Amino acid sequence: MNAEGRPGWVLATVSMAVIVFLQIPVLVVVLAAFSKTAYLTIPPQGLTLHWFEVVLTDADYLGAAWTSLWLALASTGGSLVLGLAAAYALHRKFVPGSEMLTSLVMAPLVLPSVVLGVALLQYYTLTGMRGYSAGLWIAHVVITVPYVVRASLAGLSAVDPSLEDAARVLGADGPTGFRLVTLPLVKPGLVAGGLFAFITSLDNVPVTVFLLSASQSTLPVKIFTSVEHGVDPGIAAVSTLLIAATGLVLVLAERWTGFHKYV
Amino acid sequence: MSTPSKPAGVALVSPLLLVLVLVFAAPVLLMLPLSLREYVPGTGITDRWTLANYTQIFTDDYYREVVVRTLELGFGVTLICLLLGYPLAYYMARATPRMRFALTMLVIFPMLLNLVVRSFGWIALLANRGLVNNLLVDMGLIERPIKMMFNLTGLLLGMSHIFLPFMVLMLVPVIQAIPRDVQNAAYTLSASRPRVFWSVTLPMTAPGILSGSILVFVLTISALVTPRMLGGPTYKVMATLIYDDFLQTLEWPNGAALAFTLTAMTLVIIGISSRILKRWSGSA
């Protein structure tokens, strides 16, 4: 191989600097969570677990965490069911106008989230659904379903349709053929899509913040709104727990599905 | 081939379709009449129709400033992401598979992390009593903290960090797709490194650069969370102004008009870029 084709040390240095830049805010948050002082210094002046204790015994934070979790699980579940069914029909061209339908399903990715958020705020106010958890749940299905459909379509396009036909010939009906043949083959893509949906729901502020009832909050919305009243190390502690959870999910997802191929 | 069965297909698609029509299309369309309603401060929304909510975005100095700031931010963040992302993407594309995997993970990790958490990290860094200012003061380099939040600096830094992974992940496969032989052929013809970059590498990756830039630009001008957290309630962009119109000042018609303007901007940009990309791929 030509030596000129290999990356030089300048490029290597710049690249590593950019990688470090990407991790810096993460490291800072973790440092802040263990810091004794309310403001950050390098090196940190004393380490403490105090802020974790504060956060893990705070009813507000626990309630927000619970809301975030059920919302993410329920909307991922809804998206997987609705998204896989639709993707299967779209992929097999069962319905006329498949291409137009696909763009409609993907449209929530293109529309700025804040626009959907305010549109739903007005809509739910008009229809009397404002403040209901069901409305929030459906909204999260809408913003997460494109990821599931995209992953399902990618997974389905790699499956040879004659495999399912073979199952039919051997006496399986449509649903059985799908369950025993196609579903296991698209499962890795589906897991990746579901994870994306879960993370997207867990991350969302621009839609959620407009639809929560006064007594409700999710973790990101709570952090988002409380920052306006000042920065406290409790936020850093919650954030650190979220960082740890994300890291764990990434490692597990990589083990299960080779997640990075789907990003 | 399996015979397409229409009723089954319709039954599979219609639940999702129903949800999207009722909870996506209808709400957005119903906001259109709202954006054409007159708003009188003190009284609220009246029954009269008006275009003023749209025209003021372009005629009113305050609104114009916010729109221009939003676009400046979009261009600035896109440029920074390109300048930082291209070298990293190039290095990743040419690295050994092991190294590429490790770096990909390090790029994906901050991207998957909660947006609010990442923005909070930048607050901890850039605030007046944040890490950077404390460090500079301790080292005796400055006497008083430098203002890095609630202004363009903070937003540029924070948002470039947030959207950089998207740019890198768009560029890596494009750079990987360049056949080594083409570059080596140029070197054999005794072209210098910069020459090869300008005449071979850069043109061949242009579609990836455009796609990545459009993605970052659109994400930046639509972003709410980071601009609000790092810009505060006073340094506004379009998305944060919409947020305030709906939740703080309750001037819904203004907010709705701004929301449609922002949507139109993103659609026009995506439309133009996809036409350019189509033309490029057609001529290649």
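These numbers come from a predicted model, not from an experiment. (Residues numbered from 1 in each chain as written. Chains lettered and ligands numbered in written order. Predicted model: local features only at pLDDT ≥ 70, side-chain atom pairs only at ≥ 80, totals over all residues.)

Q: If you had to explain the overall build of chain B to someone new, which residues and values would you point to?
A: A tally of helices and strands in chain B yields 13 helices and two strands. Taken over C-alpha atoms, the radius of gyration comes to 24 Å for chain B, far larger than the 19 Å a tight globule of 284 residues would show. With the principal axes as the frame, chain B shows a C-alpha extent of 75 × 75 × 35 Å. Residue burial in chain B is summarised as follows: out of 284 residues, 42% are buried. If you take every contact in chain B between residues at least 6 apart in sequence, the share linking residues at least 24 apart comes to 69%. (Helix = DSSP H or I, 4+ residues; strand = E, 2+ residues; numbered from the N terminus. Rg over C-alpha atoms; globule rule 2.2 N^0.38 Å. Buried ≥ 20, exposed ≤ 12 C-beta atoms within 10 Å, placed from the backbone. Contact = placed C-beta atoms within 7 Å.)

Q: How would you sum up the overall build of chain A? Please name residues and give values.
A: Helices and strands together make up the secondary structure of chain A, namely 11 helices and zero strands. Of the regular secondary structure in chain A, the N- to C-terminal order runs α-α-α-α-α-α-α-α-α-α-α. With the principal axes as the frame, chain A shows a C-alpha extent of 70 × 70 × 30 Å. Looking at chain A residue by residue over its 263 residues, the buried ones come to 45%. Considering only intrachain contacts with a sequence separation of at least 6, the fraction spanning at least 24 residues in chain A is 74%.

Q: Tell me about the interface of chain A and chain B, and please be specific about residues and values.
A: Counting residues at the interface gives 80 residues for chain A, matched by 78 residues for chain B. Among the elements that line the side of chain A that touches chain B, the one with the most residues is helix α1 (residues 9-34) of chain A, at 14 residues. Here the residues of the side of chain A that touches chain B sort into 61 nonpolar, 12 polar and seven charged. (Nonpolar A, V, L, I, M, F, W, Y, C, P; charged D, E, K, R; others polar.)

Q: Quick one: what's the story with helix α10 (residues 206-222) of chain B, residue by residue and with numbers?
A: The terminal C-alpha atoms of α10(B) lie 24 Å apart, and with 17 residues this matches the ideal 24 Å at 1.5 Å per residue to within 8%. For α10(B), the complete set of buried residues consists of B:Gly208, B:Ile209, B:Gly212, B:Ser213, B:Ile214, B:Val216, B:Phe217, B:Val218, B:Thr220, B:Ile221 and B:Ser222. (Expected span 1.5 Å × (residues − 1).)

Q: Explain the nonpolar core to me, using residue names and the numbers behind them.
A: Within soluble globular proteins, side chains that are nonpolar generally end up buried alongside one another. Counting residues in each nonpolar core, the largest one holds 150 residues, and the members touching the most others are A:Val29, A:Ala86, A:Leu120, B:Ala124, B:Met238 and B:Ile242. Aside from chain neighbours lying at most four places away, what touches A:Leu120 is A:Ala139, A:Val207, A:Phe210, A:Leu211 and B:Pro27. (Core = buried A, V, L, I, M, F, W, Y, C linked by C-beta atoms within 7 Å.)

Q: An account of the confidence of the model for chain A is needed here, citing residue identities and associated values.
A: Caution applies to low-pLDDT regions: their predicted coordinates should not be interpreted in detail. On average, residues of chain A carry a pLDDT of 87, and 94% of them reach 70 or more. Here residues 1-5 of chain A scores under 50 on pLDDT; set against residues more than four positions off or in separate chains, the count is seven contacts. (pLDDT = per-residue confidence, 0-100.)

Q: So what's going on with the domain arrangement of chain A? Residues and values would help.
A: Residue and element names in this part refer to chain A. Domain parsing of chain A yields domain 1 (1-48) and domain 2 (51-262). Here domain 1 and domain 2 have C-alpha centroids that lie 30 Å from each other. Contacts between domain 1 and domain 2 engage seven residues on the former and eight residues on the latter. When its residues are assigned to classes, the side of domain 1 that touches domain 2 shows six nonpolar, one polar and no charged. (Domains from an automatic or database assignment.)

Q: Account for unusual backbone geometry, naming residues and giving values.
A: It is generally the case that most residues other than glycine have a negative phi and that most peptide bonds are trans. All names here are of chain B. Positive phi, normally seen in glycine, also occurs at Phe150, with a value near 60°. Tracing the sequence through the fold places Phe150 in the loop between α6 (131-138) and α7 (152-176). With 17 C-beta atoms counted inside 10 Å, the residue Phe150 sits in the partly exposed group. Even without a glycine there, the phi angle at Leu250 is positive, about 60°. The topology assignment puts Leu250 in the loop between α12 (238-247) and α13 (252-283). Overall, the presence of 13 C-beta atoms within 10 Å leaves Leu250 in the partly exposed class.

Q: Could you give an account of the environment of B:Val225, with specific residues and numbers?
A: Residues and elements named next belong to chain B. Tracing the backbone shows Val225 in helix α11 (residues 225-231). Take Val225: there are 27 C-beta atoms within 10 Å of it, and that puts it in the buried class. On a C-alpha basis, the gap between Val225 and Leu115 in space is 7.5 Å, while along the polypeptide they are 110 residues apart.

Q: Help me get a handle on the pairing of strand β2 (residues 44-49) of chain B, residues and values and all.
A: Residues and elements named next belong to chain B. With zero of six residues buried, β2 is to be regarded as a mostly surface element. Pairing of strand β1 (residues 37-40) with β2 involves three bridges; the strand directions are antiparallel. Bridge pairing in β2 places Val40 opposite Gly44. (Pairing = 2+ DSSP bridges.)

Q: Please provide a residue-by-residue account of the packing of helix α3 (residues 59-91) of chain A against helix α8 (residues 174-203) of chain A, values included.
A: Residues and elements named next belong to chain A. Two elements in contact, α3 and α8, have axes whose closest approach is 8 Å; the angle formed by their N-to-C orientations is 140°. Accordingly, the angle class assigned to the pair α3 and α8 is oblique. Crossing geometry of α3 relative to α8 is assigned as right-handed. Each of Ser68, Leu71, Ala72, Ser75, Thr76, Ser79, Leu80 and Leu84 in α3 lies in contact with α8, whose residues at this interface are Leu190, Gly194, Ala197, Phe198, Ser201 and Leu202. (Axes fitted to C-alpha atoms, helices over the stretch in contact; angles between N-to-C directions. Parallel < 35°, antiparallel > 145°, perpendicular 65-115°, else oblique. Left-handed = near helix turned anticlockwise from the far one by under 90°.)

Q: Could you give me a rundown of the packing of α1(A) against helix α4 (residues 97-112) of chain B, with the residues and numbers involved?
A: In contact at an axis separation of 9 Å, α1(A) and α4(B) are set at 40° when each is read in the N-to-C sense. By the criterion of interaxial angle, the relationship of α1(A) to α4(B) is oblique. The crossing of α1(A) and α4(B) is left-handed. In this structure, α1(A) uses A:Ile19, A:Leu22, A:Gln23 and A:Val26 to contact α4(B), whose residues at the interface are B:Leu103, B:Leu106, B:Val107 and B:Pro110.

Q: Give a detailed account of the environment of A:Ala38, specifying residues and quantitative values.
A: Residue and element names in this part refer to chain A. By the secondary structure assignment, Ala38 is in the loop between α1 and α2 (50-56). Sequence separation between Ala38 and Pro233 is 195 residues, and the spatial gap between their C-alpha atoms is 6.0 Å. Ignoring sequence-local partners within four residues, the contact set of Ala38 consists of Asp232 and Pro233.

Q: Describe in detail the confidence of the model for chain B, supporting the description with residues and values.
A: Mean pLDDT over chain B works out to 91, with 98% of the residues at or above the 70 mark. Quick note on the complex model: pTM equals 0.91, ipTM equals 0.91.

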